[in-house]
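Summary of the model geometry
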Amino acid sequence: MRPVLILAVGLLAGCGSSVAPNGAATPVLKTDQVIVAHRGASGHAPEHTLAAYDLALQMGAEYIEQDVYSTSDGVLVCLHDTTLDRTARGPAENCTGNVNSKTLAQLKTCDMGSWFNETYPDRAKPEYVGQKIPTLEEVFQRYGRDVNYYIEIKPGLDLTPPSVAQRLLDLMQQYGLREGSVQRRQVLVQSFIPTVLLEMQRLDPEIPLIQLMQPLTTNAATMALIARYSFGIGPPMSDVSASLVQQAHGLGLAMHPYTVNSTEDLERIAGYCVDGMFTNFPDRYREVLAANKYDCPAPIR
């Protein structure tokens, strides 16, 4: 077992300390909220690369997030944008344009790390150059049943059956993750698209689902509908208030806002007693939860 996996096992076992990248012990948490590494530790490393996922776990994240699209030959890959243009470098015919118009072989020619060094020179590292786009299967192979996954099914043209939802469920079954998802929410599946989540519910009613929300759409009426099929909701942080959290909890919904990065915002929204947050900086969120006992009720997990 790799050292990062040994670390992850310790993190999932509870809220104790572990070893941070600088060799110091990460602080013990006073508040039990879920730390979700948004696209991995994407504030420190190129998003949706193994480097970002590894670093997130080292920083004490409880979940690593994967956005998934299908390639033209039916493989699920981890990437946020519909197109490759922002984060891929390499041959134009392979590394520009829509993700779902490329084969996996084409995508594997792309450098997914150099853009980060170009954009954030103060955080650049030589080892980020040449990072590859990971398939979801490669992520499952690397981390196995030792970590928690938060997977978003992205919108996109998918003409070849089976659907992305079915392929995701098949991979979860293949790598022994379905049982953990059902019993302890080891895999959460989210989407902005209600029909995608309803398909997931039809295919496997026990998988915990998260309905992502667009700005200004989260209210009591929509949450009452969402509670019929979803374990929780993911509103933008701009919509979150203490009263909204209370309404969600009254319906039995967990609330995991996105994407909260500054220490000030992390402290403020944690104080609303959310159940967890998405952040590009899992180390900052962990420091906030270690420094503050918010006297919140036990989070929905």
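Residues numbered from 1 in each chain as written. Predicted model: local features only at pLDDT ≥ 70, side-chain atom pairs only at ≥ 80, totals over all residues. Heavy atoms only, no water.

1. Remarks on the overall build of the protein
- Scanning the protein for helices and strands turns up 13 helices and nine strands.
- Rg of the C-alpha trace for the protein: 18 Å, near the compact-globule value of 19 Å for 301 residues, within the 12% margin.
- Oriented by its inertia axes, the alpha-carbon framework of the protein measures out at about 55 × 45 × 35 Å.
- Across the 301 residues that make up the protein, the buried fraction comes to 53%.
- In the protein, the proportion of contacts linking residues at least 24 apart, taken out of those at least 6 apart, comes to 58%.
- Total accessible area on the protein is roughly 12,400 Å²; 54% of this is exposed by carbon and sulfur atoms.
- Side-chain charges of the protein comprise 24 positive and 32 negative groups, with the mean position of each set lying 2 Å from the other. (Helix = DSSP H or I, 4+ residues; strand = E, 2+ residues; numbered from the N terminus. Rg over C-alpha atoms; globule rule 2.2 N^0.38 Å. Buried < 20%, exposed > 50% of the residue type's maximum accessible area, 1.4 Å probe, protein only. Contact = heavy atoms within 4.5 Å. Areas by Shrake-Rupley, 256 points an atom, 1.4 Å probe, with all protein chains shown as cover. Lys, Arg positive; Asp, Glu negative; His and termini not counted. Charge placed at Lys NZ, Arg CZ, Asp CG, Glu CD.)

2. Points about the packing of aromatic side chains
- Per the counting criterion, the structure on display carries 10 aromatic pairs.
- Look at phenylalanine 140 and tyrosine 175: their rings are 6.2 Å apart centre to centre, the planes differ by 55°, and that puts the pair in the tilted class. Of this pair, phenylalanine 140 sits in helix 6 (residues 136–143) while tyrosine 175 sits in the loop between helix 7 (164–174) and helix 8 (178–184), placing them 35 residues apart in sequence.
- Pairing phenylalanine 192 with tyrosine 258 gives two aromatic rings, centres 6.1 Å apart and planes at 90°, and the pair type is edge-to-face. Here phenylalanine 192 is found in the loop between strand 5 (187–191) and helix 9 (194–203), whereas its partner tyrosine 258 is found in the loop between strand 8 (254–255) and helix 12 (263–270), with 66 residues between them in sequence. (Phe/Tyr/Trp six-rings, centres within 6.5 Å; stacked < 30°, edge-to-face > 60°.)

3. Topic: the side chain of aspartate 54
- For aspartate 54, the position within the fold is in helix 2 (residues 50–58).
- Side chain to side chain, aspartate 54 and arginine 142 meet in a polar contact 2.6 Å long.
- Looking at aspartate 54, its side chain comes within polar contact range of the side chain of tyrosine 143, at 2.6 Å. (Polar contact = N/O pair within 3.5 Å; in protein donor to acceptor, adjacent residues only side chain to side chain.)

4. Things to note about the environment of proline 208
- Residue position: proline 208 is located in the loop between helix 9 and strand 6 (209–212).
- Using a relative accessible area of 4% as the deciding quantity, one classes proline 208 as buried.
- In the structure, proline 208 is positioned 27 residues away from proline 235 in sequence and 17 Å away in space, judged by C-alpha atoms.
- Contacts of proline 208, omitting those with residues within four sequence positions, involve Ser181, Arg185, Val187, Leu188, Val189 and Phe231.

5. Re empty space enclosed by the protein
- Taken as a whole and judged by the stated rule, the model has one cavity of 30 Å³ or more.
- Put simply, the largest cavity is a space of about 50 Å³.
- Considered class by class, the residues forming the lining of the largest cavity number four nonpolar, three polar and one charged. (1 Å grid on protein atoms, 1.4 Å probe; cavity = no way out; pocket = protein on both sides within 12 Å on 5 of 7 lines; lining within 4 Å. Points joined across faces, edges and corners; volume = space filled by probe spheres on them. Nonpolar A, V, L, I, M, F, W, Y, C, P; charged D, E, K, R; others polar.)

6. Looking at the packing of helix 2 against helix 6
- Running from amino to carboxyl end, helix 2 crosses helix 6 at an angle of 35°, the nearest separation of the two axes being 12 Å. Of the two elements, helix 2 crosses helix 6, and the hand of that crossing is right-handed. Across the interface between the two elements, Leu50, Tyr53, Asp54 and Leu57 of helix 2 pack against Val139, Arg142 and Tyr143 of helix 6.
- Taken together, the residues that form the contact of helix 2 with helix 6 break down as five nonpolar, no polar and two charged. (Axes fitted to C-alpha atoms, helices over the stretch in contact; angles between N-to-C directions. Left-handed = near helix turned anticlockwise from the far one by under 90°.)

7. Focus: the state of the cysteines
- Following the criterion strictly, the structure yields two disulfides and no others.
- What pairs with cysteine 95 in a disulfide is cysteine 110, and their sulfur atoms sit 2.1 Å apart. What sets the handedness of the cysteine 95 and cysteine 110 disulfide is the S-S torsion sign, and at about -100° it is left-handed. Here cysteine 110 lies in the loop between helix 4 (104–107) and helix 5 (114–119) and cysteine 95 lies in helix 3 (residues 92–95), a separation of 15 residues in the sequence. (Disulfide = S-S within 2.5 Å.)

8. Notes on the nonpolar core
- If you look at the biggest cluster of nonpolar residues, it comprises 64 residues, and the most contacted ones within it are Ile64, Leu136, Tyr149, Ile153, Leu168 and Met200.
- Sequence-distant contacts of isoleucine 153, defined by excluding residues within four places in its chain, comprise Val68, Val164, Ala165, Leu168, Val189, Gln190, Ser191, Val196 and Met200.
- Leu79, Leu84, Cys95 and Met112 belong to the second largest nonpolar core, which has 12 residues in total. (Core = buried A, V, L, I, M, F, W, Y, C linked by side-chain atoms within 4.5 Å.)

9. Looking at the pairing of strand 1 (residues 34–37)
- Of the two faces of strand 1, the one holding Val34 and Val36 and the one holding Ile35 and Ala37 are both buried throughout.
- Across four bridges, strand 1 lies against strand 9 (residues 276–279) in parallel orientation. Considered in strand 9, the bridge of valine 36 is made with phenylalanine 278.
- Here strand 1 pairs with strand 2 (residues 63–70) via two bridges, running parallel. Its bridge partner being in strand 2, valine 36 is matched across the sheet by tyrosine 63. (Pairing = 2+ DSSP bridges.)

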